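As a plain string of letters, each chain reads:
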Protein chains: 2
Amino acid sequence: MKPLDVGAVKITDVFWNRYIELVREVIVPYQWEVMNDRVPGVAQSHAIANFRIAAGRESGEFYGRRFQDSDVAKWLEAVAYCLATKPDQRLEALADDLIETIGEAQWPDGYLNTYFTLAKKGERWTNERESHELYIAGHLIEAAVAYFRATGKGRFLEIMKRNADHIDAVFGPGPGQLHGYPGHQVIEMALAKLYEATGEERYLRLAKYFLDERGRKPHFFELEAVARGEPGDLGPFGLKMYEYNQSHLPVREQKKAVGHAVRAVYMYSGMADVAALSGDKGLAEACGALWEDVTRRQMFVTGGIGQLEWWEGFSRGYDLPNDTPYNETCASIGLMFWASRMSRLELKGDYFDVAERALYNGILSGLALDGKSYFYTNLLEAVPEEIEARLDAEYSGAIRRGWFPCACCPPNLARLIASLGGYIYSADERRLAAQLFIASSAKVAMGGVPVEVTMEGDYLRDGSMSIAVSPDRPVRFTLSVRMPGWCGGGRSPIVRLASEGDGSDAALTNGEAPTNGETPINNEAPMAIEDGYLHIDREWKRDDRVELNLPMSARRVRANPLVREDAGKVALTRGPQVYCLEEVDNGPLLSDITLAREPDFETRYEPDLLGGLTTIEGKAFRGGCGGCDGDDCGSGGGSGGRGGGWRDELYREADFERKPIKAKAIPYYAWANRGRNEMRVWINQD
Amino acid sequence: MKPLDVGAVKITDVFWNRYIELVREVIVPYQWEVMNDRVPGVAQSHAIANFRIAAGRESGEFYGRRFQDSDVAKWLEAVAYCLATKPDQRLEALADDLIETIGEAQWPDGYLNTYFTLAKKGERWTNERESHELYIAGHLIEAAVAYFRATGKGRFLEIMKRNADHIDAVFGPGPGQLHGYPGHQVIEMALAKLYEATGEERYLRLAKYFLDERGRKPHFFELEAVARGEPGDLGPFGLKMYEYNQSHLPVREQKKAVGHAVRAVYMYSGMADVAALSGDKGLAEACGALWEDVTRRQMFVTGGIGQLEWWEGFSRGYDLPNDTPYNETCASIGLMFWASRMSRLELKGDYFDVAERALYNGILSGLALDGKSYFYTNLLEAVPEEIEARLDAEYSGAIRRGWFPCACCPPNLARLIASLGGYIYSADERRLAAQLFIASSAKVAMGGVPVEVTMEGDYLRDGSMSIAVSPDRPVRFTLSVRMPGWCGGGRSPIVRLASEGDGSDAALTNGEAPTNGETPINNEAPMAIEDGYLHIDREWKRDDRVELNLPMSARRVRANPLVREDAGKVALTRGPQVYCLEEVDNGPLLSDITLAREPDFETRYEPDLLGGLTTIEGKAFRGGCGGCDGDDCGSGGGSGGRGGGWRDELYREADFERKPIKAKAIPYYAWANRGRNEMRVWINQD
């Protein structure tokens, strides 16, 4: 099964349409201005200028990180997805000109990289561990494939094929070639896309080569260091540097996720791609083990990954510190890439459960409601003064930033959201899988018959969705609808099948937890539940409809007791969304709030709050401070010795006084849109 | 008031005598072997060899950190304190020979430092920010003063006076002098000691100069960098480097404790010394503000300080993370130095309350019961696998280490414990203050009359102490007995005064919380309670006795609600000791344990456990894992998805099942003496 093309799906969803339009109307133009250094007060980019200088269109010097080109690539990919769903001649002309610039910056042999063209001319292909040359190539290839699919124009794809052919000549098993692989993965995914777009097998072979070569001994990064005249060992990090970029073991032997989280999930995505496209069982098995490790042991409830700040990456299982994780926005985006590819290998609801968890929480939290500021790291517990005292405060914060010196996340958000249509459905000849519940209309061919699929409803608001299937003529196929993993505990989806064509109207599930191989409650219905999907295998007629009622009540979630940071705490959730307490609603010092055993949750849709969202209120207590009034409590989380009578004491004999309050939670993605303030996902539970 | 000399007090305490003997019999010999590189399997020291090579006694090269000499200095200081209380000819001969070696390593001009003699000959006094030259001088001066006081021998003192005179010539306000100060403080304290030992005011003046010069603009560390031909700015740390070594502001303007904790408290100690010896009010006031900040906002319940690993130092107020603090053993030792000096400035119980908290908890935890391994950092919550996955795992751990490449802590523990007699009493002409409750006999002169003071009892075991005062002839003075700050909440000390001389037997307090200016319950007794001391002003006769009954029950302590890490948790304490849960007593996954609202604590002295100590048992629950049996729970805190039915789930809808258990706590200092296992101080409270 393959995801539908972005261009084949038009999103009509009230929640997501706002974001898609934001990308089109605000984010893409804003990021263009930033990359042209025309936005005052944010980190300098110079990314467009680097290309223009390398192309000889203007004079100047390279500025920025050595991977600055990749920002441009991701922005162009976002533009491609925008154009795929809505023509925009001005934007397309801008992109075409930028693509020409990129072409002019390319070397005669196909090499393309402004840093090694302008700043380090003699050093290309000498330090792949650090250079990001293959990383930039990968992002540009992905952009070129997207642009080709969106516009049908071949120029960008030709440029990047020339670049890929150059890379294919430089790297490989031959005697004159580098037996190497990227320091920062992404090119594996990109080459798989290039193979699918062109049908040329050498690109898939090269992707597989990069994966197979990785982690072999003698170690490529040592060999290239020695070739540069440097010591073979890896400096202060020592052996950790191998783990950092996942070159510590051959990829097929990797069972635990280690190192830099973005590199990791980009690599796992590439492994899943190659496994899917080549039928490589060993890669698929390695992906399965890594998936278990990441999603069962190292993933925050928000879909954030990468617990350790110091290497922006994974830790040991169950080490999930809420106040200091890295949880890079890009890492959650990469997790969604990977989840979607795992689903291509094997249709199990778990994959898109994780994708959905990341999308609605740890990814979307990276973006301000106005589209112009971004979180690089996504904390689950934020006390502004504490974060700002940290060394990495430039990337971590309680306020989103307009840009970053290392600006990977903002354009990654743009391309992810612009391509969201490509995640709603997967299909092959005889099966159509509904993966995400996002109102949309899609065109797909099933058994050669054009089918219009229309999803309607406001998932986040009330959980009522319908999927209307309208083939040009009756055609048999299986519609597989994901039953979200967050449904459970006796509050499972109710699903009906209604057909105007044959007048049938059958209940398929009745709200009990679906289990594998369950008999449908209506034996007439051609239904089976397996691996988190409701599979309906029938001859579909015009306007057949599946209606879902997904139970959107407030729930409390606990973490596995091995997660010591969450012991005694709960997270509030509703549907796919994780909630949080914010200081603006609850006063300062959120750690002092304890949720009542019976919180009697009230949920309310608030149309004027943060673009419209559903809040959860519940009974709680303020405890440790002896039940002070908000007024006494000062501005909170701060530096004074506030809190009922404590003032200058740090420790004193325990008392058990507390004061009943109401705690109000909002969806996690929407926090930090009302100023700098405290936030907390995991709440003390009485 | 001044502390009594180490040599004037003989400790007879059952608890501390074991440690004093351990220093004498095990630690001092062990550390000598380590510093001579004769202990296999521990980090190389080479510290003695460096001196021998610099002295020309053997050939070879410098090895180690540039401050390696300071280990030798602290070891010699420990030896001095051992000799002060018990002669040992072999040890003294060993020390004398080492002192000769040190003398031979001294330059003709008085300069003394093996690193800059052997490894960086031309670079002395060019980079005080990093060189530790004044740091080493300071430690050697302290050792020399201690050795002089212990043995009466002048050789070491003469060497170090020559060194101090050299430093006095190099640094100062004169035109040819360096207008600088140490990168790592300690010499301020050392010069104050040298002044007190010699009466030569120039040493006190130099200490004051170093303090007054610090933080002035233009910044000395920038000027010396420029003089070396390096950029004036301070590299990647930027302005944080000024805070790191407390040179960001003139010391009198410093109100918040920042930067490297050991440097900070050593400097604050020096400030208090100079304030006490020179009557400098400005320094005393700065000390007061810093004391408030450290002890009211930045101190762990164990007396650990230095919350941030990355600069081994302070954070913002109330940021007290239990699992990742630095809490260097040396920092808690420095806090005790400072507390004792603050008490010299002003007799308030708070100072020795803090000293006692540090001593019994965060300092003593640095030392294994066998004396041969050490904690560098002292965590309040340890999960071995998590600690070992960290970058600084060489210094942080769940197992004490035999030595460290940077080995400041082990000899610091040795000299602190060997000098403990010097912390029990302070005295001036008309007052004797009992600061710590450690059974001992001391000789002191009050109003010119020799007085023998004998403290008896086993403080930790039952809190019953008596202080017998026996003057050669009746003499009037005030005995001020600290009423420990941990007494409170209606469980305060009961104090009686018994005199065989005049037959009086008076109750002074009856167990109610003493408050300032309280009338004694017996109006006959010449007593007042003020600032945490019970002051008894009378004519003392032979065998007068003050009997104290200190309530040694198990208590629960909460942290100020602004400490979000401790929200919903309690620490168990008993007397001056903080307790902890250890995995060996409670099974793995200590975060899963919740103390019952009414724990019905049982305390029991267990003579065969960890050298003999009192344990606390209380009712508790195992919660999150649904009440699994210990057997099901595996080896804990580990990598498997254990815990009642959770297995491969990371998050699921909350339940409230739990199983009653008994939780058993031991004193914090004694943890990690029964193998590598989990430990936790702050326990979830129902």
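As shown above, the structure is provided for reference.
Residues numbered from 1 in each chain as written. Chains lettered and ligands numbered in written order. Predicted model: local features only at pLDDT ≥ 70, side-chain atom pairs only at ≥ 80, totals over all residues. Heavy atoms only, no water.

A. View of the overall build of chain A. For chain A, the helix and strand inventory stands at 20 helices and 24 strands. Whereas a compact globule of 686 residues would reach a radius of gyration of roughly 26 Å, chain A reaches 26 Å, a difference of no more than 12%. Taken along the three principal axes of its C-alpha coordinates, chain A extends 75 × 75 × 50 Å. Every one of the 686 residues in chain A was classed for burial, and the buried ones make up 64%. Of the contacts made within chain A by residues no fewer than 6 positions apart, 69% connect residues no fewer than 24 positions apart. (Helix = DSSP H or I, 4+ residues; strand = E, 2+ residues; numbered from the N terminus. Rg over C-alpha atoms; globule rule 2.2 N^0.38 Å. Buried < 20%, exposed > 50% of the residue type's maximum accessible area, 1.4 Å probe, protein only. Contact = heavy atoms within 4.5 Å.)

B. Local environment of the environment of B:P218. All names here are of chain B. Structurally, the position occupied by P218 is in the loop between α10 (201–213) and α11 (220–227). You can call P218 exposed: its relative accessible area is 60%. Sequence-wise, P218 and V294 are 76 residues apart; in three dimensions their C-alpha atoms are separated by 28 Å.

C. View of the packing of aromatic side chains. Scanning the model with the defined rule gives 70 aromatic pairs over all chains in all. Relative to B:F337, the ring of B:Y266 lies with its centre 6.0 Å away and its plane at 40°, an arrangement referred to as tilted. On the criterion of sequence distance, the pair formed by B:Y266 in helix α13 (residues 261–278) and B:F337 in helix α15 (residues 329–345) is long-range, its members being 71 residues apart. With respect to burial, B:Y266 and B:F337 carry one shared label: buried. Geometrically, the ring pair formed by B:F375 and B:W671 is stacked, given 5.3 Å between the ring centres and 25° between the ring planes. Remark: B:W671 occurs in the loop between β22 (659–667) and β23 (679–680) and B:F375 occurs in the loop between α16 (349–363) and β3 (381–382); sequence separation between them is 296 residues. According to the relative accessible area criterion, B:F375 is buried, its value standing at 2%. Judged by its relative accessible area of 1%, B:W671 is buried. The rings of A:F15, A:W16, A:Y19, A:Y360, A:F437, A:Y459, A:W486 and A:Y669 are connected pair by pair, giving a single aromatic cluster. (Phe/Tyr/Trp six-rings, centres within 6.5 Å; stacked < 30°, edge-to-face > 60°.)

D. Region of the structure containing the pattern of salt bridges. Overall, the coordinates contain 107 salt bridges over all chains when judged by the stated rule. In this structure, the salt-bridge partner of A:E500 is A:R545, at a minimum N-O distance of 3.7 Å. Of this pair, A:E500 sits in the loop between β10 (494–498) and β11 (505–510) while A:R545 sits in strand β14 (residues 544–549), and the two are 45 residues apart along the sequence. The exposure class assigned to A:E500 is exposed, which follows from its relative accessible area of 57%. With a closest N to O distance of 2.9 Å, B:E130 and B:R129 form a salt bridge. Through salt bridges that share partners, A:R316, A:R564, A:E565, B:D323, B:E381, B:E386 and B:R680 make up one connected network. (Salt bridge = Lys/Arg side-chain N within 4 Å of Asp/Glu carboxyl O.)

E. Structural context of the interface of chain B and chain A. Contact residues are listed per partner, giving 71 residues for chain B and 72 residues for chain A. Together, the buried faces of chain B and chain A total about 5,700 Å²; carbon and sulfur atoms form 52% of this surface. Along the contact surface separating chain B from chain A lie twelve salt bridges. A salt bridge links A:E381 to B:R564; the shortest N-O distance between them is 2.4 Å. Remark: the boundary between chain B and chain A carries 26 residue pairs in polar contact (both at pLDDT 80 or more). For the side of chain B that touches chain A, the element with the highest residue contribution is strand β15 (residues 554–559) of chain B, accounting for five residues. Residue composition of the side of chain B that touches chain A, by class: 25 nonpolar, 15 polar and 31 charged. (Buried area = accessible area lost by both parts, 1.4 Å probe. Polar contact = N/O pair within 3.5 Å; in protein donor to acceptor, adjacent residues only side chain to side chain. Nonpolar A, V, L, I, M, F, W, Y, C, P; charged D, E, K, R; others polar.)

F. Just the sheet that holds strand β9 (residues 475–482) of chain B, in detail. All names here are of chain B. If you trace the six strands from one edge of the open sheet to the other, you get β1-β4-β5-β9-β13-β12, paired in mixed fashion. Both outer strands of the open sheet, β1 (2–3) and β12 (527–530), are each paired with one neighbouring strand and no more. In this structure, β12 lies alongside strand β13 (residues 533–540), joined through four bridges in antiparallel fashion. Looking at β13, one finds that E530 is bridged to Y533. Where α16 meets the sheet, its contacts fall on β9 and β13, and the angle it forms with β9 comes to roughly 55°. (Pairing = 2+ DSSP bridges. Axes fitted to C-alpha atoms, helices over the stretch in contact; angles between N-to-C directions.)

G. Here's a closer look at the packing of α15(B) against α16(B). Residue and element names in this part refer to chain B. Put simply, α15 and α16 touch, their axes get as near as 8 Å, and they point 160° apart. Taken together, the axis directions place α15 and α16 in an arrangement best described as roughly antiparallel. In this structure, α15 crosses over α16, and the sense of that crossing is left-handed. Contacts between α15 and α16 involve T329, S332, I333, L335, M336, A339, S340, M342 and S343 on the former and, on the latter, Y351, F352, V354, A355, A358, L359, G362 and I363. Taken together, the residues of the contact of α15 with α16 sort by class into twelve nonpolar, five polar and no charged. (Parallel < 35°, antiparallel > 145°, perpendicular 65-115°, else oblique. Left-handed = near helix turned anticlockwise from the far one by under 90°.)

H. Examining unusual backbone geometry more closely. Cis geometry marks the peptide bond from A:K217 to A:P218, where omega comes out at -5°. The phi dihedral of A:Q246 falls on the positive side, at around 60°, and the residue is not glycine. Tracing the chain through its elements places A:Q246 in the loop between α12 (240–244) and α13 (261–278). Judged by relative accessible area, A:Q246 falls into the buried class, the value being 0%. Of note in this structure, B:W125 is not a glycine but carries a positive phi near 60°. Tracing the backbone through its elements, the reader meets B:W125 in the loop between α5 (114–119) and α6 (128–131).

I. Seen up close, the packing of helix α15 (residues 329–345) of chain A against helix α18 (residues 409–418) of chain A. Residue and element names in this part refer to chain A. Taken N-terminus to C-terminus, the directions of α15 and α18 make an angle of 30°; their axes are 9 Å apart at the nearest point. With respect to α18, the element α15 is oriented roughly parallel. Where α15 crosses over α18, the two elements pack in a sense that is left-handed. Here T329, C330, I333, M336 and F337 of α15 come into contact with α18, specifically with C409, N412, L413, R415 and L416. Its residues assigned to classes, the contact of α15 with α18 shows seven nonpolar, two polar and one charged.

J. Summary view of the relation of the copies chain B and chain A. Of the transformation superimposing chain B on chain A, the axial component is 0.1 Å and the angular component is 180°, with the fit at an RMSD of 0.0 Å. Overall, the copies show the geometry of a two-fold rotation axis. For chain B, the residue whose C-alpha comes nearest the rotation axis is B:D686, separated from it by 3.6 Å. The share of interface residues of chain B whose copies in chain A are also at the interface is 100%, consistent with both copies meeting through the same surface. (Least-squares fit on C-alpha atoms with pLDDT ≥ 70 in both.)

K. Local environment of the pairing of strand β20 (residues 613–622) of chain B. Residue and element names in this part refer to chain B. Among the ten residues that make up β20, eight are buried, leaving the element largely enclosed by the rest of the structure. Looking at chain direction, strand β18 (residues 593–595) and β20 are connected through three bridges and run antiparallel. Bridged to L595 within β20 is A620. Looking at chain direction, strand β19 (residues 602–606) and β20 are connected through five bridges and run antiparallel. Counted as the bridge partner of Y605 is T614 from β20. Where β19 folds back onto β20 in an antiparallel hairpin, the turn is made up of six residues, including L610, whose phi is positive at roughly 55°. Where β20 and β22 come together, seven bridges link them in antiparallel fashion. Across the sheet, the residue bridging to F621 is P660, located in β22.

L. Molecular detail of the sheet that holds strand β13 (residues 533–540) of chain A. Residue and element names in this part refer to chain A. Spatially, β1-β4-β5-β9-β13-β12 is the arrangement adopted by the six strands of the open sheet, whose pairing is mixed. At either end of the open sheet lies a strand with only one pairing partner, and these are β1 (2–3) and β12 (527–530). As paired elements, strand β9 (residues 475–482) and β13 share eight bridges and run antiparallel to each other. The residue bridging L479 from the neighbouring strand is I536, located in β13.

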